[in-house]
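The lines below spell out each chain.
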Amino acid sequence: MKKLVMMGLLTMIAGLALAAPQKKSFSAAARTRARPTPTPPPIQKQNVEGVLPRAFQPGGNPLQMINPKAPAKYGKAEDHVALDPDTGKWKGIKLFTINF
């Protein structure tokens with residue numbers, strides 16, 4: 001009988017402990033307004049020239065750049081060659097140029 005009373009008492013205490021209301025914090029979380037992110041400036045394709053941007057452009061075929069009988073839509077060699085103004089001969093290849 002003592003064991004039954006003790007078990008009942010322990011069960012009642014455990015039930016009251018679990019049924020007790022939880023302590024809640026009354027501090028409000030600070031809410032900040034979400035600032036809209038500024039839009040990035042548009043990328044202008046006219047600013048970059050040279051052999052590398054031309055080879056890796058979407059829809060391009062880099063093998064046509066070395067083909068001497070390539071169609072005109074792939075450009076001319078004069079577009080990507082640096083010429084010496086005094087002699088008129090080629091001085092180098094424009095790999096990557098930025099125009100301002």
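See the structure shown above.
Residues numbered from 1 in each chain as written. Predicted model: local features only at pLDDT ≥ 70, side-chain atom pairs only at ≥ 80, totals over all residues. Heavy atoms only, no water.

## Description of the overall build of the protein chain
Each helix and strand in the protein chain was counted, giving 2 helices and 4 strands. Mapped from its N terminus to its C terminus, the protein chain presents α and β elements in the order α-β-α-β-β-β. Of the contacts made within the protein chain by residues no fewer than 6 positions apart, 46% connect residues no fewer than 24 positions apart. With an accessible surface of roughly 10200 Å², the protein chain has 64% of that area assigned to carbon and sulfur atoms. (Helix = DSSP H or I, 4+ residues; strand = E, 2+ residues; numbered from the N terminus. Contact = heavy atoms within 4.5 Å. Areas by Shrake-Rupley, 256 points an atom, 1.4 Å probe, with all protein chains shown as cover.)

## Looking at the layout of surface pockets
Empty space left among the atoms is revealed by rolling a probe the size of a water molecule over them. Taken as a whole, the largest pocket holds about 290 Å³ of empty space. Lining the largest pocket are 16 residues, with Met65, Ile66, Lys76, Ala77 and His80 sitting closest to its centre. Counted by class, the lining of the largest pocket contains 10 nonpolar, 4 polar and 2 charged residues. Counted as a void, the second largest pocket has a volume near 230 Å³. Lining the second largest pocket are 11 residues, with Val48, Glu49, Pro53, Arg54 and Gln57 positioned closest to its centre. Looking at the lining of the second largest pocket, the elements that each hand over two or more residues are β1 (48-49) and α2 (51-55). A per-class count over the lining of the second largest pocket returns 3 nonpolar, 4 polar and 4 charged. (1 Å grid on protein atoms, 1.4 Å probe; cavity = no way out; pocket = protein on both sides within 12 Å on 5 of 7 lines; lining within 4 Å. Points joined across faces, edges and corners; volume = space filled by probe spheres on them. Nonpolar A, V, L, I, M, F, W, Y, C, P; charged D, E, K, R; others polar.)

## Observations regarding empty space enclosed by the protein
If you walk through the whole model with that rule in mind, you get 1 cavity of 30 Å³ or more. The computed volume of the largest cavity comes to approximately 40 Å³. Contributing to the lining of the largest cavity are Arg54, Ala55, Gln57, Gly60, Asn61, Pro62, Met65 and Tyr74. The class makeup of the residues in the lining of the largest cavity is 4 nonpolar, 3 polar and 1 charged.

## Here's the deal with the side chain of His80
Along the polypeptide, His80 turns up in the loop between α2 and β2 (81-83). With residues near it in sequence (within four places) discarded, His80 still touches Gly50, Val51, Arg54, Gly92, Ile93 and Lys94.

## Thoughts on the environment of Ala82
Tracing the backbone through its elements, the reader meets Ala82 in strand β2. You can call Ala82 partly exposed: its relative accessible area is 26%. Residues Ala82 and Gly92 lie 10 residues apart in sequence; the distance between their C-alpha atoms is 5.1 Å. Non-local contacts of Ala82, meaning those with residues more than four positions away in its chain, are made with Lys89, Trp90, Lys91, Gly92 and Lys94. (Buried < 20%, exposed > 50% of the residue type's maximum accessible area, 1.4 Å probe, protein only.)

## Observations concerning helix α1 (residues 2-19)
Owing to its 3.6 residues per turn, the α-helix aligns residues three or four sequence positions apart on the same side. Across its 18 residues, α1 extends 26 Å between first and last C-alpha, which sits within 8% of the 26 Å expected from 1.5 Å per residue. Among the 18 residues of α1, 0 are classified as buried, and the element is accordingly described as predominantly exposed. (Expected span 1.5 Å × (residues − 1).)

## Here's the deal with the pairing of strand β3 (residues 90-93)
Taken together, the 3 bridges between β2 and β3 define a ladder with antiparallel strand orientation. Bridge assignment links Val81 to a residue of β3, and that residue is Ile93. Count of turn residues in the β2/β3 antiparallel hairpin: 6 residues, of which Gly88 carries a positive phi of about 85°. (Pairing = 2+ DSSP bridges.)

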